[in-house]
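Secondary and tertiary structure notes
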Amino acid sequence: MVAPSPSSSSADCSSLILNMVDCLLFVSSGSTVSKHERTCCSSLKTMLKADIECLLEGFKSSAFFGVTLNVTKALTLLAGCKVSAQFLAV
């Protein structure tokens, strides 16, 4: 018998990624929005608590969904949302 993989299922990640829609206007390439929505931070923190791998998968697969991310702006979300290092500890 093979143990299940510890990685997240794509269905679980999809629902978490969809909850990040509040951040999309800010992190989309070409966006002129200078500040993220307030609800974006709670979505980001929820995602990080649930599964940081899903967030990384969302970044990697964003082009597949027709979204080009401004990675520089996306990375500013951590500081802008005051995300502590505890979320990033593996």
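Structure: see above.
To keep things clear, this report deals only with the structure shown in the data block. Keep in mind that this is a model prediction, so the values were computed, not measured.

The rules behind the values
- Residues numbered from 1 in each chain as written.
- Predicted model: local features only at pLDDT ≥ 70, side-chain atom pairs only at ≥ 80, totals over all residues.
- Heavy atoms only, no water.
- Salt bridge = Lys/Arg side-chain N within 4 Å of Asp/Glu carboxyl O.
- Helix = DSSP H or I, 4+ residues; strand = E, 2+ residues; numbered from the N terminus.
- Buried < 20%, exposed > 50% of the residue type's maximum accessible area, 1.4 Å probe, protein only.
- Axes fitted to C-alpha atoms, helices over the stretch in contact; angles between N-to-C directions.
- Parallel < 35°, antiparallel > 145°, perpendicular 65-115°, else oblique.
- Contact = heavy atoms within 4.5 Å.
- Nonpolar A, V, L, I, M, F, W, Y, C, P; charged D, E, K, R; others polar.
- Core = buried A, V, L, I, M, F, W, Y, C linked by side-chain atoms within 4.5 Å.
- Polar contact = N/O pair within 3.5 Å; in protein donor to acceptor, adjacent residues only side chain to side chain.

1. As for the pattern of salt bridges
Under the criterion given, the structure shown has one salt bridge. Among the salt bridges present, the one from Glu57 reaches Lys60, with a minimum N-O distance of 3.7 Å. Taken together, the residues Glu57 and Lys60, both in helix α4 (residues 52–61) and three residues apart, mark about one turn of the helix. For Glu57, a relative accessible area of 37% corresponds to the partly exposed category. Residue class for Lys60 comes out exposed when judged on its relative accessible area of 66%.

2. Some remarks on unusual backbone geometry
Phi angles above zero are rare outside glycine, and Lys82 is one such case at about 55 degrees. Mapped onto the elements of the fold, Lys82 is located in the segment after α5 (71–80).

3. Details of the packing of helix α3 (residues 38–50) against α5
Their axes nearest at 10 Å, the elements α3 and α5 cross at an angle of 90 degrees. The pairing of α3 with α5 is recorded here as roughly perpendicular in orientation. Mapping the contact onto sequence places Cys40, Cys41, Leu44 and Leu48 in α3 and Leu77, Leu78 and Gly80 in α5. When its residues are assigned to classes, the contact of α3 with α5 shows six nonpolar, one polar and no charged.

4. A short note on the nonpolar core
Soluble globular proteins tend to pack their nonpolar side chains together in the buried interior. Core analysis: the largest hydrophobic core is formed by 19 residues, its most contacted members being Met20, Val27, Leu44, Met47, Leu55, Leu77 and Cys81. Secondary-structure elements contributing two or more residues to this core are α1 (10–18), α2 (21–27), α3, α4 and α5. The element best represented in this core is α3, accounting for five residues. Met47 has contacts with Leu16, Ile17, Met20, Ile52, Cys54 and Leu55, leaving out every residue within four places of it along the chain.

5. Topic: the side chain of Ser28
Counting through the fold element by element, Ser28 comes out in the loop between α2 and α3. Among the residues examined, Ser28 registers a relative accessible area of 18% and is labelled buried. Separated by 2.6 Å, the side chain of Ser28 and the backbone oxygen of Leu24 make a polar contact. Aside from chain neighbours lying at most four places away, what touches Ser28 is Val67, Thr68 and Asn70.

Coordinates in, geometry out; function isn't part of it.
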